[in-house]
Amino acid sequence: LLLGVILTFHSSAQRYQIDQYNLRDGLPQSQVSSLLQDHRGFLWVGTQGGGLAKFNGTSFEVINSGDGLPGNSITALIAGKEGNLFIGTDNGLCSYDGRGVLTDTTQAHQLRIEALYLSENELFVATNNGLFLQQADSISAPWEVLLPEETIFDVLVQNNVLYACSDKGVYMWSADRKQLDLLRFGSNTYCNKFIVTPSNEILVGTYGNGVLRIDKD
């Protein structure tokens, strides 16, 4: 799925070839905010203001607010299990099934989607005004509010425990979601990103405290 200008770089022992594609090739905007390759091999490119572009290896197909996207700044992309694509924008969430854009009509309008996480049939939606849960097979179903009026930057489910990054620290829900704990890390508690290592350790990216590791007893 690579085309465009070929750039060649040399290091001390290796030679790299980089293929570049940009506005001249049909990309709607040069600032790329999200990337996803789906199970069919299509490359989805989310941009900051130009909407979403699907690359088939030869050309780009552009999807924007004129096609039903709630916003043209793409903030998150995740592939559904039925072949659809969940698209987070700076103005809400929608699902794309390849034939049209199905926009959420319930709670997501005017919310900035910060991150999406799919666990089985549950779609966790992190926004600038709360953390929500939606059934992935029904984009227009009412949302369950998990944490209201909080900016949530990332979300993760690990060993049936739900984790959420915020500017106050890391929220953790028990497996039955009846108990909520908050992990704080000194005076600077701003956390923005999770990653799970091959050994199933949870690493947390922070602003000011570097990278933290969560060990749950």
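Let me sum up the structure you'll find in this document. Chains are numbered independently. Their residues run from 1 in the order of the written sequence. Predicted model: local features are reported for residues with pLDDT of at least 70 only, side-chain atom pairs are reported and counted for 80 or more only, and whole-chain, interface and lining totals are derived from all residues. Water and hydrogen atoms play no part in the side-chain values, which are based on all heavy atoms of the structure.

1. Remarks on the packing of aromatic side chains
Any pair of Phe, Tyr and Trp rings, taking the six-membered ring for Trp, is counted once the centres come within 6.5 Å. Such a pair is stacked with planes under 30 degrees apart, edge-to-face with planes over 60 apart, and tilted for the rest. In total, this model carries 7 aromatic pairs according to the counting rule given. Aromatic side chains Tyr171 and Trp173 sit 6.3 Å apart centroid to centroid with 40° between the ring planes, which places their arrangement in the tilted category. Each member of the pair, Tyr171 together with Trp173, is buried. An aromatic cluster is built from Phe153, Tyr190 and Tyr207, whose rings are joined through pairwise contacts. Lys54 extends its terminal NZ or CZ atom over the ring of Phe42, reaching a point 4.6 Å from the ring centre. Relative accessibility under 20% of the residue-type maximum defines a buried residue, over 50% an exposed one, and the middle range a partly exposed one, all with a 1.4 Å probe and only protein chains included. Put simply, a charge is over a ring when the Lys NZ or the Arg CZ is close to the ring centre, within 6 Å, and near the line of the ring normal, within 35 degrees.

2. With respect to the pairing of strand β20 (residues 202–206)
Consecutive side chains along a regular strand alternate between the two faces of the sheet. Secondary structure elements follow DSSP: runs of H or I of four or more residues count as helices, runs of E of two or more count as strands, with numbering from the N terminus. With respect to burial, β20 is a largely interior element, 4 of its 5 residues being buried. Bridge count between β20 and strand β21 (residues 211–214): 4 bridges; the pairing is antiparallel. Across the sheet, residue Val204 finds its bridge partner in β21, namely Leu212. Two strands make a pair as long as DSSP finds a minimum of two bridges between them.

3. Concerning empty space enclosed by the protein
Lining residues are those with an atom within 4 Å of a point, where the points come from a 1 Å grid over the protein atoms alone and group into cavities, where a 1.4 Å probe fits but cannot get out, or pockets, open sets with protein on both sides within 12 Å along at least five of seven lines. Grid points are joined across faces, edges and corners, and a volume is the space filled by probe spheres set on the points. Applying the stated criterion to the full structure yields 1 cavity of 30 Å³ or more. The computed volume of the largest cavity comes to approximately 70 Å³. Asp38, His39, Arg40, Trp44, Ala79, Gly80, Gly83, Asn84, Leu85, Tyr96, Asp97 and Gly98 together form the lining of the largest cavity.

4. Overview of the sheet that holds strand β13 (residues 130–135)
Pairing in this open sheet of 4 strands is antiparallel, and the strands run β11-β12-β13-β14 from one edge to the other. Pairing within the sheet leaves two strands with one partner each, and these edge strands are β11 (113–119) and β14 (144–148). Strand after strand, the sheet turns through a mean of 20° between neighbouring axes, direction not considered. With 6 bridges connecting them, β11 and strand β12 (residues 122–127) associate as antiparallel partners. Looking across to β12, one finds that Leu118 is bridged to Leu123. Only C-alpha atoms enter the line fits that serve as axes; for helices the fit covers just the stretch in contact. Angles between N-to-C directions range over 0 to 180 degrees.

5. Notes on the side chain of Asp38
By secondary structure assignment, the location of Asp38 is in the loop between β3 (32–37) and β4 (43–47). A residue is classified by how much of its surface remains accessible, and Asp38, at 11% relative accessible area, is buried. N or O atoms within 3.5 Å of each other form a polar contact, as long as, within protein, one can give a hydrogen and the other can take it, and as long as residues adjacent in sequence are counted only when both atoms are side-chain atoms. Separated by 2.9 Å, the side chain of Asp38 and the backbone nitrogen of Arg40 make a polar contact.

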